[in-house]
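# Chains, contacts and geometry: an overview
Residues per chain are reported as follows:
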Amino acid sequence: MSPRAVGGRRLQYDEVPAHVRGWVEQIVGSVRVIAEHVGGMSPGCATSLEAADGRRYFLKAMGEELNARTVEIFRAEAAVLPLLREVSYRPGFVGCYDEGGWTGLLLEHVDGRYPDFDDAEDFAAVEAVVVAQAQELTPPLVGLPVGSTMSGTARKWADR
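Described in the following lines is the structure provided in the data block. Note that the coordinates shown come from a computational prediction; the quantities given were computed from them, not determined experimentally. (Residues numbered from 1 in each chain as written. Predicted model: local features only at pLDDT ≥ 70, side-chain atom pairs only at ≥ 80, totals over all residues. Heavy atoms only, no water.)

## A word on the pairing of strand β4 (residues 93–99)
Note: β4 against strand β5 (residues 102–108), six bridges, orientation antiparallel. Across the sheet, residue Tyr97 finds its bridge partner in β5, namely Gly104. (Pairing = 2+ DSSP bridges. Helix = DSSP H or I, 4+ residues; strand = E, 2+ residues; numbered from the N terminus.)

## Some words on the sheet that holds strand β3 (residues 56–63)
Taken together, five strands build an open sheet; the order of strands is β1-β2-β3-β5-β4 and the sheet is antiparallel. One side of each edge strand has no neighbouring strand; the edge strands of this open sheet are β1 (31–36) and β4. Shown here is a sheet whose adjacent strand axes are inclined to one another by a mean of 25°, direction ignored. Taken strand by strand, helix α1 (residues 18–28) contacts β1, β2 (45–51), β3, β4 and β5, and its axis lies near 150° from that of β4. (Axes fitted to C-alpha atoms, helices over the stretch in contact; angles between N-to-C directions. Contact = heavy atoms within 4.5 Å.)

## Brief notes about unusual backbone geometry
Between Thr138 and Pro139 the backbone carries a cis peptide bond, its omega angle lying at -5°. Mapping Pro139 onto the fold places it in the loop between α3 (120–136) and α4 (150–159).

## Quick word on helix α2 (residues 64–80)
Residues that lie three or four places apart on an α-helix share one face, since the helix turns once every 3.6 residues. Taking 1.5 Å of rise per residue, the 17 residues of α2 would be expected to cover 24 Å, yet its terminal C-alpha atoms sit only 20 Å apart, more than 12% below that figure. All of the buried residues along α2 are Thr70, Val71, Phe74 and Ala78. (Expected span 1.5 Å × (residues − 1). Buried < 20%, exposed > 50% of the residue type's maximum accessible area, 1.4 Å probe, protein only.)

## Points about the nonpolar core
The biggest cluster of nonpolar side chains holds 16 residues, and the ones touching the most others in it are Val24, Cys45 and Leu59. Broken down by secondary-structure element, the contributors of at least two residues to this core are α1, β2, β3 and β5. Leave out the neighbours within four places in its chain, and Val24 touches Tyr13, Gly29, Val31, Leu49 and Leu59. Within the second largest apolar cluster, five residues are counted, among which are Met62, Val71, Phe74 and Leu105. (Core = buried A, V, L, I, M, F, W, Y, C linked by side-chain atoms within 4.5 Å.)

Below you can see the structure in the form of structure tokens.
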């Protein structure tokens, strides 16, 4: 399997500030943790939750003191997600929390795993979703905040 980005330790759900967890529970009711996720480059929370009614959610949350740049990325994502239509290849957007230096995104939970890009079937599945999303977003949706071009974004990351 091809390597994937793996950062340091992620914040666990019970370590997320009470005001963020309270927001989650205001939306979905009481929850139990299904899984704490690893991987990625963020030290923030990435947790799958189950509500008392059986519905499942995915929360990612980040505080400015952990990584202010990631908070900015989450805010940009929160501006885009509500504008996107529901499609089978993307989890539904439930809500965004942005208060007290913390940003949290709550999404519908989907079962899955990281793709193995060395596996032809996995690669084809990822390619099909990328093509579908490119078609969906070309031209950009009206009102969709487009901050930069792909080449501009790549240059920013290369300069870091």
